[in-house]
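Structural description and commentary
One letter stands for each residue in the lines below.
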Amino acid sequence: MYLIVFQLLFVLTFGIFILSKRHMSYFGLFIQLGLAGITSYWSVDVLIHGTVFERELLISFWGNPLEIKVDSLSAFFILVLNFTLLTGTMYSAGYLKPYINEKNRAEFGLHYFSLVWLHISMLLVCMLRDGLAFLVVWELMAVSSFFLVIFESEKEETVKAGIYYLLEMHVGLVLIMAGFIYAFVQTGAVFSFDGLTVYFARFHPFPLFLLFFMGFGIKAGFIPFHTWLPHAHPAAPSHISGIMSSVMIKMGIYGILRVLTYIHTDLLAIGIFILIISAISGLLGVMYAIMQHDLKKLLAYHSIENIGIIGIGIGIGLIGVAKDIPVLAALGFTGGILHVLNHSLFKSLLFYSAGSIYMRTHTRHIEHLGGLIKRMPVTALLFLLGAMAICGLPPFNGFISEFLIYFGLFKGLRTADFQTDLTILGAIICLALIGGLAIFCFTKVFSIVFLGTARSRLSENVKEIRGGMIFPKILAGIMIVTIGIFPLYFVKAAGKVAGLYVEDIPLIIQNAPPLSNVSRASLVFILLTAFLWFLRRMQQKRVQIEHGPTWGCGYSGADPAVHQYTATSFAENYRELASPILKVDKHFELLKEEEIFPRPRSFKTETGDMLEENLIEKPIRRIIYWMEKAAMFQTGNLQHYIMYAFLFAGLIFLLTIFKLI
Amino acid sequence: MTTFSLLLLFELTLIILSFTERVKRFLTMLMIQGVLLFGIAYLQLQHINALYLAFILLETIIIKGLLVPLFLNQMRKRNNFNRLAHSKVSTFITVMAISAAIVFGFLLSSNIHDDNLQTKFFAASIATIITGIYFMIVHRNIFTHIIGYLIMENGVFLFSLAVGSEMPMLVNTAILLDIFVGVLVLGIFANRVGDTFKNMHVDDLAQLKH
Amino acid sequence: MNGLGFLLSIVSSLLFPGIIAVTKAKLSGRKGPGIFQPLFDAARLFRKGSIYSVTTSIIFQIAPVIYFASIVVALLFMPFGQYKGFLSFEVDFVFFSYLLAVGKFVMIIGAMDTGSGFEGMGANREALYSMLVEPAFFILMGSLALLTNHTSFYSLFVHIHFDSVLSYLIALLAIYLFVQIAMVENSRIPIDDPKTHLELTMIHEVMVLDNSGFDMCLIHLATGLKFALYGGLIANFIFPDTWPLYTQIAVFLMVNLLFVIAVGFLEAFRARNKLEKNPKWILTLSSISMVVFLSVLVIVHKYFLE
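Because the structure is predicted, anything quoted here is derived from the model rather than measured.

Moving on to the overall build of chain C. Along the backbone of chain C there are 11 helices and one strand. Element order for chain C, N to C, with α for helix and β for strand: α-α-β-α-α-α-α-α-α-α-α-α. Taking 306 residues into account, the globule formula puts the C-alpha radius of gyration at 19 Å, and chain C, at 19 Å, falls close to it. Based on the C-alpha atoms only, the size of chain C along its principal axes is roughly 65 × 40 × 40 Å. The 306 residues of chain C split such that 62% are buried. For chain C, contacts bridging at least 24 residues in sequence account for 77% of all contacts bridging at least 6.

Encoded structure:
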């Protein structure tokens, strides 16, 4: 019954095109609610009972009936993506309102159609196991998100970013496909995930895993496969950036975790490999983020950082399995997987808030913002909530997952051997540094965007956004606080998933981490803060409260609008330290000697991505250079072309004579 | 364990060296290293021939711990050279690099299983030699080159302890001679350069070609 | 009796700033204020009204409250010999450290809320330094966890034993690191000189230029509490739980007193670092704790000595 409704909803999506622009979002939301309701019902059932849900879809695929299969891994990811996609669609209704007059019905329809199909394709990615069908829905996911990214297709850079994104996704697709095909050719087993079991049992798993890791890693955004994120996220509308950053990149993590379920040997090497890549992603992600001035680009780099944290969890989990340290394995996996949920919550909240800011101020450049907390207080406080959660501060959800990972690391220290201990130490240092850098970054962002006074006209007379757009953010905010204070059920759910890799999870989850104590400490903290606030209110009723200008250290002309810190100056001391890995371009014009009355000048700094420059752009420039050299053969002269044909024929002739071909 | 405590202190001197700016502090650290090596050698080599032992002990404490630092201090005073000029590489990276070298030494030595090799000395010596070479690469100053050279020699001394307790005598005598000549030559050289150029940057030496 | 550490720390925290001030004054040949002067100041501030800049928002007002609460809750973890803290669970030092980070986070944005260029300087230095010092604390706690095979403040300090030369050396280094981390966290010499008169080079003091009244009172008290936090940890580190209770209390207070007097000495005789040198100096704390970690690996026989 549910299965039939589930598939009927696929067909219903075409109804979007016959509706008016205003009603599309509601209809899309209606279909998504149906999809989410059914799949969540299945998933919750799977997670509670620990069973595997298997059904055959009515659609057949190349003559084979298509089977969907939901185990705890799929179930967890389905729940995560359902939540974020629903909040995303809710948010989109308000966010796209200004575009209603600009865009025609087909464009609007295509957007919502793609949005619903992105949801469907992601659900199917989590549910399908057949290799070919998986690749098809994986491709569907890439294409539908491509259409979503290029919503503002009248802007050239948006289309450019979209195409860049689509290209990288296809590189990933090819790698995943190559992985499947290679396993299939080597073993002759079924062309599906389950067929990988045979391959991994028979051969050395690392090379094939590497292939899959690269394919899925491009989606997930591990450094050095991250280059699409900082381009696609700013270009896309905010609800789309939120969805892509919160859940779509997690499909890469899902793929990696799925492949890992079939690998039982050589886990140490794989674990160390994932740990190193993740540590680099985590550190470099946040280090680049600090220097960004585009709010959404900055958040995109933070996605890379959080993927790194998830990867660190998975990596140490694998090392724990390989070295037989149950607590390391269990808590590493649980923490990493819980962070998937946590990141999806605060990252969508942050992107929606960034969207609200963009909607009101029409800029994403943080140096143009400032003082918004007085004009958009709700957005500001929600952003602050997301910022504190992403920094991993208690009592919010980001802390819980990081705490679990730390717990595993510190508990695992004793039983591990020398080299594992040093690895653990490295992971601890990385996590601590990432935490500190994230605090640096988000204190900067929050202060520059919301505090002080306006830095340009753009942020002067703005109004708070309306309720319809605040509601989805509040939903995410409630989840963030709930997980932060009452984490137990969520940790148990993540533990169920970790149970696919480690056996004695329930025991460890129930006994070891003192989560109830963490909640108690968080509650004490909140209550004490509330009590002190109350005390302060009492005290302030009795005394005189005055208002005046900010203390200018004796300078009577001190004016916050002129003297307040900018994002660049806040990051200056950090930039000095991190300069070896940053690429800061300064654009300015020197004063010429003959210029007696200098013209007005401007100074601009821009932080590029050194990795992108060296890994992608330089090689491409080199290729283009040689291509252009090769273009000299393209003379446009017919006689030359005939000569080429003649030479080619002669070459073939000679080669055949000398038996070279 | 006691020997290791001295090695631990020795590695701490490397960390202090990594962020030192004052030349005087460099020399103090060299002195401390000499004294520590004296202690280590004494604890480790008690069973060898008393004459050899006495020689090694005298060598560490008198030459490494006293003579060379004092000689360099004279040179520092003569040339009025108190602070190291900034090198191109930031101190921040130097600290990280030297910490990494220490960890690397431990990692490498834990991977080597050889009965003749005493891993703890090996670990420390690797870190010390890397530090010495690092100083010589990064800094442009002749004076720092001498210091790097001396740190490296301390590393080699530890290395000779690592590979066997009989060896140090022979190895050390040879090295000692090298060092002594080296320091002397470089010292005189640096004095001359100091007279000529007012500072002791290696870059300036390129001018001598003309 | 759980929470004895908390109560003792609260008591001693009230006197800390006074003792430091008196020590410094005596050493530099001044008469100096009385030991209770900071307390009188706090009481006076509590009665006073406040001035708020028109640039500020709710963030500025709530920041000191959250900051103070975070430190008090962190103090609840303070064990005392064989008695646990009010709150104690495994890996509680991670919570402890992140809780202090919450306090720093809100103080930084609170300072930025005023829109003052000077407070911006303090805020961004605070952000940078607390980021750099974080690994040192974690590595140190990791080393102690490895040494004792326990992971909460309470059990860690109860099970710590020193028997060889190497372990004494490690204990010394650990105490050195605790003291220096405390100095960074409190923005004292050699990182920052709270008594300097130049706003351009200050860190913590310049962040609270605009606070007044009740908020300032909380910030003043928090300074003492933060010292007590680290003083208490050092005291716990030193005395074994087998001693009789009264001796323990006496030793606890003694160690705390010694700690603050040492801080006073340091501040009286030592010059502050050049500002640009600070990050490098803080990084060396991590390096030293890494060496401590390696040595602990030797003690627990993971790295084989023949």
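Counting secondary structure elements, chain A contains 26 helices and five strands. Here the C-alpha radius of gyration of chain A, 27 Å, is about what a compact globule of 661 residues would show, namely 26 Å. Taken along its principal axes, the extent of the C-alpha atoms in chain A is 100 × 80 × 65 Å. Split into buried and exposed, the 661 residues of chain A put 53% on the buried side. Sequence separation of at least 24 residues holds for 80% of the intrachain contacts in chain A that already meet a minimum separation of 6.

Moving on, we get to the interface of chain C and chain B. Taken together, the contact between chain C and chain B spans 20 residues of the former and 21 residues of the latter. Breaking the side of chain C that touches chain B down by element, the ones donating at least two residues are α7 (165-185) and α11 (278-299) of chain C. The element that contributes the greatest number of residues to the side of chain C that touches chain B is α11(C), accounting for 12 residues. Across the side of chain C that touches chain B, the residue classes break down as 14 nonpolar, four polar and two charged.

So, about the interface of chain A and chain C. In this assembly, 66 residues from chain A lie in contact with 66 residues from chain C. Elements represented by at least two residues in the side of chain A that touches chain C include exactly α14 (372-375), α16 (397-415), α17 (418-450), α21 (515-542), β3 (545-548), α22 (560-563), α23 (567-570) and α24 (572-578) of chain A. Looking at the side of chain A that touches chain C, the element that brings in the most residues is α17(A), giving 15 residues. A per-class count over the side of chain A that touches chain C returns 40 nonpolar, 19 polar and seven charged. Judged from the four bridges that link them, β3(A) and strand β1 (residues 50-53) of chain C form a sheet pairing that is parallel. Residue A:I545 lies in a different strand from β1(C), and its bridge partner there is C:S50.

Here we take up the environment of A:L654. All names here are of chain A. Mapped onto the fold, L654 is located in helix α26 (residues 638-657). Owing to 11 C-beta atoms within 10 Å, L654 belongs among the exposed residues under this scheme. The spacing of L654 and Q639 is 15 residues in sequence and 22 Å in space, taken between C-alpha atoms.

Looking now at the packing of helix α5 (residues 131-149) of chain A against helix α10 (residues 238-261) of chain A. Residues and elements named next belong to chain A. Closest axis-to-axis distance for the α5/α10 pair is 11 Å, and the angle between their directions is 165°. As far as their axial angle goes, α10 and α5 are roughly antiparallel. By crossing handedness, the relation of α5 to α10 is classed as left-handed. When α5 is examined against α10, the residues M141, S145, L148 and V149 are found in contact with a partner set consisting of I240, M244, M248 and M251.

All names here are of chain C. Their axes nearest at 9 Å, the elements helix α3 (residues 58-75) and helix α9 (residues 213-238) cross at an angle of 25°. One way to sum up the angle between α3 and α9 is to call them roughly parallel. Crossing hand, α3 versus α9: left-handed. Side by side, α3 and α9 meet where P64, V65, Y67, F68, I71, V72, A74 and L75 of the first sit next to D215, L218, I219, L221, A222, L225, K226, A228 and L229 of the second.

With 99% of its residues at a pLDDT of 70 or more, chain A has an overall mean of 91. When pLDDT is averaged over each element of chain A, helix α15 (residues 377-390) of chain A comes out on top at 96 and helix α20 (residues 505-511) of chain A at the bottom at 68.

Tracing the backbone shows B:S160 in helix α6 (residues 142-163). Put simply, B:S160 and B:F71 are 89 residues apart on the chain and 25 Å apart in space, counted from C-alpha to C-alpha.

The subject of this paragraph is the environment of A:V185. Residue placement: A:V185 occurs in helix α6 (residues 156-187). Accessibility expressed as a C-beta count within 10 Å gives 10 for A:V185, which makes it exposed.

Now for the confidence of the model for chain C. Looking at chain C as a whole, the pLDDT averages 90, with 99% of positions reaching at least 70. Both scores are given for the predicted complex: the pTM is 0.93, the ipTM 0.96.

A few words on unusual backbone geometry. Residues A:I223 and A:P224 are joined by a peptide bond in cis, for which omega reads 10°. Mapped onto the elements, A:P224 comes out in the loop between α8 (205-220) and α9 (229-235). Backbone torsion omega between C:I189 and C:P190 reads 10°, so that peptide bond is classified as cis. In this fold, C:P190 is placed in the loop between α7 and α8 (204-207). For A:H362, which is not glycine, the phi dihedral falls at a positive 60°. The residue A:H362 is located in the loop between α13 (326-361) and α14 in this model. The exposure class of A:H362 is exposed, given the 12 C-beta atoms found within 10 Å. Notably, C:H301 is not glycine yet its phi reads approximately 60°, a positive angle. The class for C:H301 is exposed, based on 9 C-beta atoms found within 10 Å.

Calculation rules
Residues numbered from 1 in each chain as written. Chains lettered and ligands numbered in written order. Predicted model: local features only at pLDDT ≥ 70, side-chain atom pairs only at ≥ 80, totals over all residues. Helix = DSSP H or I, 4+ residues; strand = E, 2+ residues; numbered from the N terminus. Rg over C-alpha atoms; globule rule 2.2 N^0.38 Å. Buried ≥ 20, exposed ≤ 12 C-beta atoms within 10 Å, placed from the backbone. Contact = placed C-beta atoms within 7 Å. Nonpolar A, V, L, I, M, F, W, Y, C, P; charged D, E, K, R; others polar. Pairing = 2+ DSSP bridges. Axes fitted to C-alpha atoms, helices over the stretch in contact; angles between N-to-C directions. Parallel < 35°, antiparallel > 145°, perpendicular 65-115°, else oblique. Left-handed = near helix turned anticlockwise from the far one by under 90°. pLDDT = per-residue confidence, 0-100.

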